[in-house]
Amino acid sequence: MTCGSPGSRVCTQQGNQGARPGTPRPRPRGVRPGTSPPPEAGPPAESSGAEAPPLVSPLEAMEKDRASARLRILLRHLGGRSAGAVIAQPTSEGVSPASFHPQQFQYTLDNNVLSLEQRKFYEENGFLVIKNLVSDADIQRFRHEFERVCRNEVKPPGLTVMRDMTIAKSEYVPSERTITKIQDFQEDEELFRYCTLPEILKYVECFTGPNIMAMHTMLINKPPDTGKKTSRHPLHQDLHYFPFRPSSSIVCAWTAMEHIDRSNGCLVVLPGTHKGTLKPHVYPQWEGGVNIMFHGIHDYDKDNARVHLIMEKGDTVFFHPLLIHGSGRNKSQGFRKAISCHFAGANCHYIDVKGTSQENIEKEVLEVGRKHYGVDDASLSLKDFWMLRARLVKGQRVNL
Ligand SMILES: O=C(O)CCC(=O)C(=O)O
């Protein structure tokens with residue numbers, strides 16, 4: 001499917017284009033398809049509603065049909081909407097953080113991995129950088145696999161690929177210079193290794209507990225800005241995209257794949273904002289356009305300190321899903337790379353976001369997802385999409 005919009009950067013997706021060779025790996029609780037819509041990425045803000053022409057070949061159309069059929073079967077296995085009751089919450093804010101760990105620490109668990117100093121830092125600021133956590137060799141492997149995906153040498157089911165549409169329309173040659181991000185690589189065993197690295201999970205467990213689900217994966221290839229400032233990522237809270245709680249059992253691991261500073265668009269975080277509530281998100285009114293599903297917050301404390309995270313290759317930041325963060329323009333000539341995964345404790349539960357500020361993203365995700373799979377079934381829920389992409393990495397798949 002193709003997501004278009006007025007700005008210069010838009011996204012196209014590829015996914016479900018052929019099953020991965022080899023025997024299927026065992027699934028903990030039977031839920032494992034391989035597809036879902038992107039939570040963040042895509043067409044611009046002041047969207048006129050005009051969609052870019054779908055770049056779908058007959059072969060792709062066939063694959064899409066097969067993907068839809070596969071999705072239907074999976075949903076039948078899941079029992080459709082009735083599988084695992086959705087726990088309704090009148091507002092998503094009501095299920096915020098604090099009360100989950102009633103002791104002295106609210107955002108970290110007792111497991112002796114974090115030093116007292118590190119723990120206090122995360123509690124106070126909502127993020128923690130661990131230097132030199134992922135090896136050069138692993139990063140090289142992720143880079144290599146990303147390049148293979150870009151050249152269409154591998155097509156993991158469920159993967160969403162964001163492209164620069166202006167290039168895609170003209171002299172399109174599959175290469176890493178035309179792709180700005182890939183999402184949902186849970187079916188690509190090589191990239192998914194990132195989510196299973198013991199050095200990553202060791203820290204993740206401090207927030208999620210021992211049963212860990214990888215919920216959402218991304219490799220971000222932030223392109224050099226064309227001058228329209230579309231390479232920025234607006235300030236946002238990741239929880240806006242997530243229909244599961246409690247928030248403090250969710251953590252993002254984001255690893256720099258090279259030196260990243262303000263010149264190539266490092267992460268910027270607003271320390272302490274994880275202690276607040278989930279804020280309404282909308283598309284920013286940026287003149288040059290904004291990528292699809294890059295919702296941002298207007299209502300935040302402009303006086304809050306901002307920290308630009310300057311990171312070396314392999315450095316990893318863990319952060320809370322309520323932490324307000326974004327990233328700046330890439331003013332360099334290179335493509336700035338980072339790999340990340342949002343993890344959640346498997347005992348988290350899905351919530352119904354109807355009637356909350358998350359309704360807008362739910363609507364968008366469902367529209368994109370249904371189009372992607374060619375599924376008209378209105379009963380397909382946000383929870384269904386999340387269950388399809390979520391993958392156990394440690395312990396037991398309790399919920400989710
Ligand atoms: O890597 C980036 O530029 C920003 C990533 C980010 O904030 C996100 O995807 O939520």
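Residues numbered from 1 in each chain as written. Predicted model: local features only at pLDDT ≥ 70, side-chain atom pairs only at ≥ 80, totals over all residues.

Engineer: Give me the overall build of the protein chain: which residues, what numbers.
Structural biologist: When its secondary structure is counted, the protein chain shows 8 helices and 17 strands. Buried residues in the protein chain amount to 50% of all 400 residues. Residue pairs at least 24 apart in sequence account for 87% of intrachain contacts in the protein chain once pairs closer than 6 positions are excluded. (Helix = DSSP H or I, 4+ residues; strand = E, 2+ residues; numbered from the N terminus. Buried ≥ 20, exposed ≤ 12 C-beta atoms within 10 Å, placed from the backbone. Contact = placed C-beta atoms within 7 Å.)

Engineer: I'd love a proper account of helix α5 (residues 189-196), names of residues and values included.
Structural biologist: Burial in α5 covers these residues: Leu191, Tyr194 and Cys195. For α5, the angular spread of the buried residues around the axis is 100 degrees, confining them to a single face. Next to the buried residues of α5 lie α3 (136-150), β7 (212-222), β15 (336-345) and β17 (391-394). (Arc of directions from axis to C-beta.)

Engineer: A description of the sheet that holds strand β12 (residues 307-308) should follow, citing residues and the corresponding values.
Structural biologist: The pairing of strands in a sheet happens through backbone hydrogen bonds and is either parallel or antiparallel. Sheet architecture is open: 4 strands sit in the order β8-β14-β11-β12, paired in antiparallel fashion. Single-partner strands in this sheet number two, and they are β8 (233-236) and β12. Judged from the 4 bridges that link them, strand β11 (residues 267-270) and strand β14 (residues 324-327) form a sheet pairing that is antiparallel. Bridge pairing in β14 links valine 268 to glycine 326. (Pairing = 2+ DSSP bridges.)

Engineer: An account of the pairing of β14 is requested, with residue identities and associated values reported.
Structural biologist: In the sheet, β8 pairs with β14 via 2 bridges, with the strands oriented antiparallel. Residue pairing in the sheet places histidine 236 in a bridge with histidine 325 of β14.

Engineer: Mind laying out unusual backbone geometry, listing which residues take part and the relevant values?
Structural biologist: For residues that are not glycine, phi is negative in most cases, and the peptide bond is trans in most cases. A cis amide bond links arginine 245 with the next residue in sequence, proline 246, at an omega value of 5 degrees. Along the polypeptide, proline 246 turns up in the loop between β9 (244-245) and β10 (250-256). Residues other than glycine seldom take positive phi values, yet asparagine 152 does so here, at roughly 65 degrees. Along the chain, the position of asparagine 152 falls in the loop between α3 and β5 (160-163). Accessibility expressed as a C-beta count within 10 Å gives 12 for asparagine 152, which makes it exposed. Unlike most non-glycine residues, leucine 400 shows phi in positive territory, near 50 degrees. Following the sequence through the fold, leucine 400 ends up in the segment after β17. For leucine 400, a count of 23 C-beta atoms within 10 Å corresponds to the buried category.

Engineer: Explain the environment of leucine 128 to me, using residue names and the numbers behind them.
Structural biologist: Structurally, leucine 128 can be placed in strand β4 (residues 127-130). Sequence-wise, leucine 128 and phenylalanine 318 are 190 residues apart; in three dimensions their C-alpha atoms are separated by 5.3 Å.

Engineer: Outline the nonpolar core, supporting the account with residue identities and numerical values.
Structural biologist: Counting 79 residues, the largest nonpolar core has Met213, Leu219, Val251, Ala253, Val317, Phe318 and Phe343 as its most contacted members. Each residue touching methionine 213, except ones within four places of it in the same chain, is listed here: Phe343, Ala344, Ala346, Ala390, Arg391, Leu392, Val393, Arg397 and Leu400. The next biggest cluster of nonpolar side chains, apart from the first, holds 5 residues, and it includes Tyr283, Val290, Met293 and Phe294. (Core = buried A, V, L, I, M, F, W, Y, C linked by C-beta atoms within 7 Å.)

Engineer: Which residues make up the environment of proline 174, and what are the values?
Structural biologist: Tracing the backbone shows proline 174 in the loop between α4 (165-169) and β6 (179-183). Its 16 C-beta neighbours within 10 Å are what place proline 174 among the partly exposed residues. With residues up to four places along the chain from it excluded, the contact list for proline 174 reads Cys150, Arg151 and Asn152.

Engineer: Would you mind going over the confidence of the model for the protein chain in detail, with residue names and values included?
Structural biologist: Averaged over all residues, the pLDDT of the protein chain equals 77, while 72% of them reach at least 70. Scored below 50 in pLDDT, residues 1-66 makes 164 contacts in the model with residues more than four places away or belonging to other chains. Counting interchain partners and residues more than four positions distant, the pLDDT-below-50 stretch residues 69-102 has 60 contacts. (pLDDT = per-residue confidence, 0-100.)

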